[in-house]
Amino acid sequence: NAGVTQTPKFRVLKTGQSMTLLCAQDMNHEYMYWYRQDPGMGLRLIHYSVGEGTTAKGEVPDGYNVSRLKKQNFLLGLESAAPSQTSVYFCASRYGGGAKNIQYFGAGTRLSVL
Amino acid sequence: GENVEQHPSTLSVQEGDSAVIKCTYSDSASNYFPWYKQELGKRPQLIIDIRSNVGEKKDQRIAVTLNKTAKHFSLHITETQPEDSAVYFCAASKDSWGKLQFGAGTQVVVTP
């Protein structure tokens, strides 16, 4: 039972390049989230999904796209990377609605855009 | 939207002393308040949470208190140990989608 797995762990991009971050969970969770973490700013929600085939915008969605084609996977895409997207990206998943509100986080992806 | 403010940004305590971190939130509809601990280079992990129908919750050396009227909640760590050194984040949520609004974090350093 691996929990929430993110790939890759590190990546360096040049401005304008594209890439996809993969988040996979094996807990059969319905809800999945992508956050970015910047120094002094906590974690900010980029996009989230409440089930297979659904996605919604979070607090800072600009410059990112997401897809949830399979329940266990949530992909975060950067179409044209910018230096402002240098950050640590965390994926999280949650069982569903109601009382079980705990979000479980992946180990993170450290992205540098030059 | 919801805004969560967290204080202090850094906290240095002697081993064995208590640490208190405070958060305020803006949206009175928020009803779920988790606290996450993040060690250097690691993922955030839930350490304790509280719902709006409860005023206080305790788990060994950690406790959280909630004042709905004043819209603030606090994390209390007693008998601090070096392994308590980490960044602590508070968060608030108000909807069924579980979206969390995080505070900026508190760097806690416990010195022996």
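Residues numbered from 1 in each chain as written. Chains lettered and ligands numbered in written order. Predicted model: local features only at pLDDT ≥ 70, side-chain atom pairs only at ≥ 80, totals over all residues. Heavy atoms only, no water.

Caption draft 1: Seen up close, the layout of surface pockets. Of the pockets and cavities examined, the largest pocket occupies roughly 640 Å³. Every residue lining the largest pocket is counted, 26 residues in all, and those nearest its centre are Gln37(A), Val88(A), Arg110(A), Gln38(B) and Gly41(B). Going through the elements one at a time, β9 (87-94) of chain A together with β9 (86-92) of chain B are the ones with two or more residues in the lining of the largest pocket. Grouping the amino acids of the lining of the largest pocket by side-chain chemistry returns 11 nonpolar, 9 polar and 6 charged. Around the second largest pocket, the lining comprises 14 residues; the ones closest to its centre are Glu2(B), Asp95(B), Lys99(B), Leu100(B) and Gln101(B). (1 Å grid on protein atoms, 1.4 Å probe; cavity = no way out; pocket = protein on both sides within 12 Å on 5 of 7 lines; lining within 4 Å. Points joined across faces, edges and corners; volume = space filled by probe spheres on them. Helix = DSSP H or I, 4+ residues; strand = E, 2+ residues; numbered from the N terminus. Nonpolar A, V, L, I, M, F, W, Y, C, P; charged D, E, K, R; others polar.)

Caption draft 2: Molecular detail of the sheet that holds strand β1 (residues 4-7) of chain A. Residues and elements named next belong to chain A. Read across the open sheet, the 4 strands follow the order β1-β3-β8-β7; overall the sheet is antiparallel. Bordering the open sheet on either side are β1 and β7 (64-67), each of which pairs with just one other strand. Taken pair by pair, the neighbouring strands of this sheet meet at an average axis angle of 20°, ignoring direction. With 6 bridges connecting them, strand β3 (residues 19-25) and strand β8 (residues 73-78) associate as antiparallel partners. The partner of Cys23 across the bridge, within β8, is Phe74. (Pairing = 2+ DSSP bridges. Axes fitted to C-alpha atoms, helices over the stretch in contact; angles between N-to-C directions.)

Caption draft 3: Here's a closer look at the pairing of strand β5 (residues 43-49) of chain A. All names here are of chain A. Burial within β5 is extensive, with 7 of its 7 residues counted as buried. Pairing of strand β4 (residues 31-37) with β5 involves 6 bridges; the strand directions are antiparallel. When the bridges of β5 are listed, Tyr33 appears paired with Tyr48. Hairpin connection between β4 and β5: a loop of 5 residues separates the two successive antiparallel strands, and Gly40 in this loop has a positive phi of roughly 75°. Sheet topology note: the β5/strand β6 (residues 56-57) ladder contains 2 bridges and is antiparallel. The residue bridging His47 from the neighbouring strand is Lys57, located in β6. (Buried < 20%, exposed > 50% of the residue type's maximum accessible area, 1.4 Å probe, protein only.)

Caption draft 4: Local environment of the environment of Leu111(A). Residues and elements named next belong to chain A. With respect to the secondary-structure elements, Leu111 resides in strand β11 (residues 109-113). Its relative accessible area of 1% is what places Leu111 among the buried residues. For Leu111, the contacting residues outside a window of four places in its chain are Arg11, Leu13, Met19, Leu78, Gln85, Thr86, Ser87 and Tyr89. (Contact = heavy atoms within 4.5 Å.)

Caption draft 5: Molecular detail of the sheet that holds strand β3 (residues 19-25) of chain B. Residues and elements named next belong to chain B. Overall, antiparallel pairing links the 5 strands, which are arranged β1-β3-β8-β7-β6 in an open sheet. Strand pairing shows two members of the sheet lacking a second neighbour, β1 (4-7) and β6 (56-59), which therefore form its edges. Within this sheet the neighbouring strands show an average axis-to-axis angle of 15°, counted without direction. Relative to β3, β1 is paired through 4 bridges, and the arrangement is antiparallel. Paired with His7 across the bridge in β3 is Lys22.

Caption draft 6: The arrangement of the pattern of salt bridges in detail. This structure, assessed with the given rule, holds 7 salt bridges over all chains. Between Glu30(A) and Lys71(A) there is a salt bridge, with the nearest N and O atoms lying 2.9 Å from each other. Placement of the pair is Glu30(A) in the loop between β3 and β4 and Lys71(A) in the loop between β7 and β8, with a sequence separation of 41 residues. In this structure, the salt-bridge partner of Lys94(B) is Asp27(B), at a minimum N-O distance of 2.6 Å. Of this pair, Lys94(B) sits in the loop between β9 and β10 (101-102) while Asp27(B) is found in the loop between β3 and β4 (32-38), placing the two residues 67 residues apart along the sequence. Take Lys94(B): its relative accessible area is 42%, and that puts it in the partly exposed class. (Salt bridge = Lys/Arg side-chain N within 4 Å of Asp/Glu carboxyl O.)

Caption draft 7: Representation of the interface of chain A and chain B in the model. With 24 residues of chain A in contact, the opposing surface of chain B contributes 20 residues. Together, the buried faces of chain A and chain B total about 1,700 Å²; carbon and sulfur atoms form 53% of this surface. Looking at the side of chain A facing chain B, the largest losses of area belong to Leu43(A), Asn101(A) and Phe105(A), adding up to 28% of the total buried there. Counting across the interface, chain A meets chain B through 0 salt bridges. Of all the secondary structure elements, the ones that give two or more residues to the side of chain A that touches chain B are β4, β5, β9 and β10 (103-105) of chain A. Tallying contributions element by element places β4(A) first for the side of chain A that touches chain B, with 4 residues. Its residues placed into classes, the side of chain A that touches chain B shows 14 nonpolar, 7 polar and 3 charged. (Buried area = accessible area lost by both parts, 1.4 Å probe.)

Shape is all these values report; function is a separate question.
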